[in-house]
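# Understanding the architecture of this molecule
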Amino acid sequence: LGADLAPPTPSGSGGSGRSDASHLTPRGGAGVGAMSRRERGPEPGPGGAEAAAEDAEPESPDQCLSLLPWDRFSAWLHCVCVVGFDLELGQAVEVIYPPHSKLTDKEKTNICYLSFPDSNSGCLGDTQFCFRFRRSPGRKVSLCCFLDQLDRDLPVYLKKDSAYYYGYVYFRQVRDKSLKRGYFQKSLVLISKLPYVHLFRTMLKQIAPEYFEKSEAFLEAVCSDIDHWPPPVPGKVLQLPIMGLIMKLRIPTYRDKPGTAPIVQNMHQADAQISMALPTVHEVDLFRCFCPVFFHIQMLWELVLLGEPLVVMAPSPAESSETVLALVSCISPLKYCSDFRPYFTIHDSEFKEYTTRTQAPPSVILGVTNPFFAKTLQHWPHIIRIGDIKLPGEIPKQVKVKKLKNLKTLDSKPGVYTSYKPYLNKDEEIVKQLQKGVQQKRPTEAQSVILRRYFLELTESFIIPLERYVASLMPLQKCISPWKSPPQLRQFSQDDFMKTLEKAGPQLTSGLKGDWIGLYRHFLKSPNFDGWFRSRQKEMTQKLEALHLEALCNENLVFWSQKHTEVETVDLVLKLKNKLLQADREHLPVKTDTLKKLQTHINDIILALPDDLQDILLKTGTT
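Residues numbered from 1 in each chain as written. Predicted model: local features only at pLDDT ≥ 70, side-chain atom pairs only at ≥ 80, totals over all residues. Heavy atoms only, no water.

## So, unusual backbone geometry
- Between tyrosine 97 and proline 98 the backbone carries a cis peptide bond, its omega angle lying at -5°.
- Inspection of the secondary structure puts proline 98 in the loop between strand 2 (90-97) and helix 3 (105-114).
- That bond from serine 332 to proline 333 is cis: its omega, 10°, falls within 30 degrees of zero.
- Residue placement: proline 333 occurs in the loop between helix 9 (317-329) and strand 10 (339-341).
- One non-glycine residue with positive phi stands out, namely methionine 243, at about 50°.
- Summarising the element assignment, methionine 243 is placed in the loop between strand 6 (237-242) and strand 7 (245-250). (Helix = DSSP H or I, 4+ residues; strand = E, 2+ residues; numbered from the N terminus.)

Spelled out as structure tokens, the structure:
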């Protein structure tokens, strides 16, 4: 609160324990990159938000439940678009639902071009894929009070990025002689801020074919169903009705141990509705996606971890988008902090920015299908060329990493084109394990589980030494004085961190040999480290603020105010009120009881003051 309120209390320099740093130490790797691990009340339930902001509850539950029409819809989707092909205009947005949904002209243009495969893809029939594009800046988003709380409960890699939208596409192209072009071409597109790829893919599979037969009235009914869904609450089994089907799913929470997820049981419905249990909301079929570049998975993990510029050249948007999403997820539970575009076209508003030769390629992963990119992006350092992704029925042939100069067109052979030399020695065991699975016709889902666990263990072995070192930057408990501002975190020192690796490095959890030190040095310069460290820094700073609040609560503040002037007491009250506001605004990891106790202190101090000051302070809000 400031040293001017009382003589400085000696803080001491020794001490055995750190300020509750145990919450920052990895629990079996379960908390890698996670946001605040704070004590909470009951988790929010699927039907409402009574407990959604249990620790910081400025509004009453009744206020949280007073949802306006389309609020529930907006919690899941921004809008639904229908994109068709006009002979004169080309691709055009034919329908936006709900009609009040706002999209800028630039956003509509991006959606138009990204909702159709490139003409060379030859996607006859039905195709599903996804894309990601920048939101236009400067628009305010009105969300219900509990939605931000829901985002805080998510694992870091599933948190919304307010700068981007996802587009989930169901594209149909069939011959139709009654049309001038000879083809019916249309896309049904779900626009959302949520990265729940599997959920929206499953949903489109159910509704899109019927929409193409029934048109607008059916779309209206679909959106009405979504507007009756419960909020997307992490950690709860949700039942989402959609046109006679009930989808059952569970959104992960940051408390889940990475690599594990409670199974959602497909229970028998008493009524006529069919129930479908989704094993995941966000994961792609990892093994199927990586099968074309089977022998390079470890090198690709390094490239993604380091935020290296990567291009995926594929025959269709389905293959490009799935592969890009698989790459981004392979460093989970770390969040990939750079931009990634599952499907990118020459019409994209960032095309010039990302393909310029006047500067080094940016830290981004692009999925492309247009042959033009083979020439435009040939200066990029790492290019993955994949053919048609099929369910693996045979073992991929061993292929060497190819030189970039050999990549001339999209017809080049599948493989990884790069001059990158991996820091770590190749793990032959995972290759043998997956090869054996192919020989034994192990289901691709089981292969994906093995591959996901391998990536998870590799990422955790890499990040745990960093977690351990960063936790040691926390000041000592006895440095926290209620009468001084909370102490600062110690600075991150690359040299000090490197010294810890000799005794507490990745060798404790991984048998892989190689240049781990070189990998760490490279990683510390990457956007992924910057994003991870900012998140940890924020978490620990909030913990210090919370400990400072607890220290204040343990002081006899009324006794203090009696020993000081009215001016100093009023100053104290205003500062304490601001502390409460900060705790609510920044969602500090503070127990509700602590906040109530501090409010009681404030009230007791005010009641001990003269009546005229009481009136002023009771009316005074916080700044």
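Following the structure, the description resumes.
## Some thoughts on the confidence of the model for the protein
- Chain-level pLDDT for the protein is 81 on average; 80% of the residues reach the 70-or-more range.
- In the predicted structure, residues 2-65 sits below a pLDDT of 50 and forms 160 contacts with residues beyond four places in sequence or in another chain. (pLDDT = per-residue confidence, 0-100. Contact = heavy atoms within 4.5 Å.)

## Details of the side chain of glutamate 308
- As for its position among the elements, glutamate 308 is in the loop between helix 8 (297-305) and strand 9 (310-313).
- Put simply, glutamate 308 is tucked away with no salt bridge, and the nearest opposite charge, on lysine 525, sits 10.0 Å away.
- In terms of polar contacts, glutamate 308 uses its side chain to reach the side chain of histidine 522, at 3.3 Å.
- Leaving out residues up to four positions away in the same chain, glutamate 308 has contacts with Leu303, Val364, His382 and His522. (Buried < 20%, exposed > 50% of the residue type's maximum accessible area, 1.4 Å probe, protein only. Lys, Arg positive; Asp, Glu negative; His and termini not counted. Salt bridge = Lys/Arg side-chain N within 4 Å of Asp/Glu carboxyl O. Polar contact = N/O pair within 3.5 Å; in protein donor to acceptor, adjacent residues only side chain to side chain.)

## Comments concerning the nonpolar core
- Of all hydrophobic cores here, the largest spans 113 residues; its most connected members are Trp76, Phe290 and Leu466.
- Per-element tally for this core: the top contributor is helix 13 (residues 444-471), with 10 residues.
- Not counting residues within four places of it along the chain, the set of residues in contact with leucine 466 comprises Phe492, Phe497, Tyr520, Phe523, Leu524, Phe529 and Trp532.
- In terms of nonpolar packing, the next biggest core, distinct from the first, is built from 24 residues, Leu572, Ile602, Ile606 and Leu609 among them. (Core = buried A, V, L, I, M, F, W, Y, C linked by side-chain atoms within 4.5 Å.)

## A few points about the pattern of salt bridges
- Here the structure, examined in full by the defined rule, presents 22 salt bridges.
- As a salt-bridge pair, arginine 341 and glutamate 350 come within 3.0 Å of each other at their nearest N and O atoms.
- Classification of arginine 341 as buried rests on a relative accessible area of 0%.
- Connected through salt bridges with shared partners, the residues Arg132, Arg134, Asp161, Asp339, Arg341, Asp348, Glu350 and Glu353 form a single ionic network.

## Remarks on the sheet that holds strand 5 (residues 183-192)
- Taken together, the 5 strands give an open sheet; going across it, the order is 2-1-5-4-3, and neighbouring strands pair in antiparallel fashion. The open sheet terminates on both sides in strands that have one partner only, identified here as strand 2 and strand 3 (125-134). Along the sheet, successive strands turn relative to each other by an average axial angle of 25°, direction set aside.
- Bridge count for strand 1 (residues 79-86) against strand 5 is 6 bridges, and the pairing is antiparallel. Bridge pairing in strand 5 places cysteine 81 opposite valine 189.
- Here helix 5 (residues 197-214) sits on the sheet in contact with strand 1, strand 3, strand 4 (164-175) and strand 5, set at roughly 40° to strand 4. (Pairing = 2+ DSSP bridges. Axes fitted to C-alpha atoms, helices over the stretch in contact; angles between N-to-C directions.)

## Here we look at the sheet that holds strand 7
- On the basis of which strands lie adjacent, the open sheet formed by 3 strands has the order 6-7-8 and mixed pairing. On the outer flanks of this sheet lie strand 6 and strand 8 (274-277), each paired with one strand and no other. For this sheet, the mean inter-axis angle between neighbouring strands, taken without regard to orientation, is 25°.
- Here 4 bridges tie strand 7 to strand 8, and the two strands are oriented parallel to one another. Bridge assignment links isoleucine 246 to a residue of strand 8, and that residue is serine 275.

## Looking at the environment of cysteine 130
- Position of cysteine 130 relative to the elements: it lies in strand 3.
- Residue classification places cysteine 130 among the buried positions, given a relative accessible area of 2%.
- Along the primary structure cysteine 130 and valine 197 are separated by 67 residues, whereas in three dimensions their C-alpha atoms are 7.8 Å apart.

## Focus: the side chain of serine 448
- For serine 448, the location among the structural elements is in helix 13.
- Within polar-contact distance, the side chain of serine 448 engages the side chain of aspartate 285 at 2.7 Å.
- Here leucine 286 takes part through its backbone nitrogen, which lies 3.2 Å from a polar atom of the side chain of serine 448.
- Apart from the residues within four sequence positions on either side, serine 448 is in contact with Asp285, Leu286, Phe287 and Arg288.

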